[in-house]
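Residue-level listing of the chains:
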Amino acid sequence: MRSLWKGAVTFGLVHVPVRLYAATEDHDVHFRQLHGACHTPIQYRRYCPHCEAEVEREDIARAVEVAPDEYVEVSSADLDDLPLPTLHAIEILEFVPLQDVDPVYFERGYYVGPGDGGARAFALLRAVLAEAGRAALTKVALRAKESLALLRVAGPALALETMYYPDEVRPVADVEGLPPPMAVDAREMAMAQELVDRLSGPFVPQRYHDNYRLALRDVLDRRAAGRAVVRPAAAPEAQGFEDLLAALQASVRAAEARSAAAGVESGAPNPDPAVRPARGQSRRRAARQPRPAPRGASWAPGDPTRSPVRPDAAWPPMTGGGRDAGGLSAPPRPRAALSNPDKPLWPEAEPDGAGPGLTKRDFAAYLVAVAPALLPHLRDRPLVLTRYPHGAAGPWFYQKNLPEGAPAWIQTYTFRGRGGRAIRYVLCHDERPLLWLAGQAAIEFHPWLSTTAAPELPDRLVVDLDPMAPATFTDARPLAAAVREILDRAGLRGYPKTSGATGIHIFVPIAPRYSYRAVQSLVRAIGAALLRAWPERVTLERAVSRRAGRVYVDYLQNAQGKTLVAPYAPRPLPGAPVSTPFAWGELATARPGAWTLRSVPARVRARGDPFSGVLDGGQDLEPLAELLGVERSWR
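What comes next is a walk through the structure. (Residues numbered from 1 in each chain as written. Predicted model: local features only at pLDDT ≥ 70, side-chain atom pairs only at ≥ 80, totals over all residues. Heavy atoms only, no water.)

Quick look at the packing of aromatic side chains
For the coordinates displayed, the defined rule picks out 8 aromatic pairs. Here a set of aromatic residues connected by ring pairs shows up, and it is made of Y413, F415, Y425 and W448. Above the plane of the ring of Y552 lies R547, whose end atom (NZ or CZ) is 3.6 Å from the centre. Here R603 stacks its cationic end above the ring of W595, 4.3 Å away from the centre of that ring. (Phe/Tyr/Trp six-rings, centres within 6.5 Å; stacked < 30°, edge-to-face > 60°. Lys NZ or Arg CZ within 6 Å of the ring centre and 35° of its normal.)

Structure, rendered in structure tokens:
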């Protein structure tokens, strides 16, 4: 056995030279991926999607993400300068009873043998540990990482178990469904104890084998020798998955037929369909009446005489005050006015440039008109802003931190990311910050998928269907119908909206108890189901250059710090299109270009908010995981 590390065990002035050996080895069968056409092994490239080029190994830099999309680069010299006193030593901290250490802390095992000239000292250390019946809690640096480790007797040698630190082990109290303390029936206890006694015996590891690996080896040996492979009876497949694929294909065909019948490309007006409730949704909820018409409903963009916002307008005093807990600021009463109201934001408010432009005043008035529908979707959600100081056609930049010089009454939420950097995000609870955002030319605002109450736990799952040219909104439409089929079969409600460009966003309200990683894994499984049904239409490819002509299912949007444009928020495109919620019954006739800064206020007055169901509370995701065949560890 070849040693992989040498150093010394140290405690006090004692120095025992030792060598470290791997205690385990991997006997799993590892598959290679081949090109099916020529059986050549697939090679994976170091590829930069931004530069669309392969990256040489020497050009790769190491970095740590300190905030969403913000990195600190770390060089080898930086790491070499870090103090690591246990680099060549196993430093004993204290001696502890072995039975006091929960095995959940163990990470990886090694054998420890004597080093050069250390046989006598090694034998003494082993004898002391065996006589005392104790193990040594130590620190050791392996692969440039310092770990806790437990040193214990293992036959004629010692064993070293590297350990997780306490903050890396999740509290057992976090396990869901634990029963409260309860009395146990004496007769049941006696029967259970009898069963335990019958099955008790010494631990003899040689009794146990990896039967799956042995069977797989037999299959490979038979194939390599040209003999027939004996197959066991097939295990039943996950119920409903193949049926689901067939249903998805049928729903796409049906959606395409409805689109063709509705004459979408001819510009037919949207009908006013009844909203069919998703499975698990009550008829009462589906028949809910539209919300009351918003204040300022008589305004028409481009008409400054009827705009609810005037250049010299001062906002009314804030009522109720703000909150000061959990990172929330408490602003004083606001007094502000819209700055530079006649500044053009959309110089060409029609795609052909024929219509009049839209100004900052028009933008502010639009926000007031749709505020009753928009604000509930922003409340308690940190905002990432996209600002266009020279209008929609000019240069732009993202803004997370509250800019300097912002009014003191703007409410904020302070969040510290993994790198410890504090960011003060804008919060928007009423019309005043909305109008301030208009004054900042923040044309797009992107709320988090989680709230300030539980920033690590999303309460919305999002399926982002993003057509890549030459694919268009028309190509995304039938796939949205297929996503709805998946949600219906899982008993979940989903709510669609246009992206304001060519895509469709489907929001699913969920209970805020799943991690972002878990939600992302489920959305990826939805994308994989679509890709399996239509490999020529759908892509999960992360490299932009490889997505052309297909609809990209962007499951990566389900991550902390990643955001999508808010419902009812405009986009910096000709015609001032708006990311607009719509009912499922409108999917066949939806045309994002028809829903703009000019037309959406009237639509909200007439229809209320089709997206309001997103606010109605969370849903469980276990049925979706079961339907898609996602493994139990997805959470």
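As for the pattern of salt bridges
Evaluated as defined, the whole model comprises 13 salt bridges. Note that E444 and R571 form a salt bridge whose closest N and O atoms lie 2.4 Å from each other. Taken as a pair, E444 in strand β18 (residues 444-447) and R571 in the loop between β23 (551-553) and α11 (600-607) lie far apart in primary sequence, 127 residues in all. Taken together, the shared-partner salt bridges connect E586, R603 and R607 into one network. (Salt bridge = Lys/Arg side-chain N within 4 Å of Asp/Glu carboxyl O. Helix = DSSP H or I, 4+ residues; strand = E, 2+ residues; numbered from the N terminus.)

Remarks on a nonpolar patch on the surface
Together, V172, V175 and L178 line one region of the surface with nonpolar side chains, adding up to about 290 Å² of accessible area. Tracing the backbone shows V175 in the loop between β11 (157-163) and α3 (186-199). (Patch = residues over 30% accessible without salt bridge, like charges linked within 9 Å, V, L, I, M, F, W, Y side chains within 5 Å. Areas by Shrake-Rupley, 256 points an atom, 1.4 Å probe, with all protein chains shown as cover.)

Topic: the sheet that holds strand β2 (residues 14-22)
Within the closed barrel, the 7 strands sit side by side as β1-β2-β8-β11-β10-β9-β7. Their pairing is mixed. This sheet shows a mean twist of 40° between the axes of neighbouring strands, independent of strand direction. Direction of pairing for strand β9 (residues 134-142) relative to strand β10 (residues 145-154): antiparallel, over a ladder of 7 bridges. Directly across from K139, in β10, lies its bridge partner L148. (Pairing = 2+ DSSP bridges. Axes fitted to C-alpha atoms, helices over the stretch in contact; angles between N-to-C directions.)

What to know about the pairing of β10
The pairing of β10 with β11 spans 7 bridges and is antiparallel. By the bridge assignment, L150 is partnered in β11 with E161. The antiparallel pairing of β10 with β11 creates a hairpin that spans 2 residues between the two strands, and G155 there sits at a positive phi of about 60°.

Remarks on α11
When we look at burial in α11, the residues that qualify are V600, P601, R603 and V604. The arc enclosing the buried residues of α11, seen along the axis, measures out at 160°, which places them on a common side. Looking at the packing, one finds that the buried side of α11 touches α7 (360-374). (Buried < 20%, exposed > 50% of the residue type's maximum accessible area, 1.4 Å probe, protein only. Arc of directions from axis to C-beta. Contact = heavy atoms within 4.5 Å.)

A word on α7
With 15 residues, α7 extends just 18 Å between its outermost C-alpha atoms, more than 12% less than the 21 Å of an ideal straight helix rising 1.5 Å per residue. Helix geometry: α7 is bent most strongly at V368, by close to 40°, with proline P372 lying one to four residues after it. For α7, the buried fraction is high: 14 of the 15 residues fall into the buried class. (Expected span 1.5 Å × (residues − 1). Bend = angle between axes of the 7 residues up to and from the residue.)

What about the environment of E161?
Looking at the element boundaries, E161 is found in strand β11. Look at E161 and you get buried, because its relative accessible area is 14%. Along the backbone, E161 and T138 are 23 residues apart, and their C-alpha atoms lie at a distance of 9.7 Å. Residues in contact with E161, not counting those within four places in the same chain, are F106, R108, G109, L148, A149, L150 and R152. Polar side-chain contacts of E161 include one of 3.0 Å to the side chain of R152. (Polar contact = N/O pair within 3.5 Å; in protein donor to acceptor, adjacent residues only side chain to side chain.)

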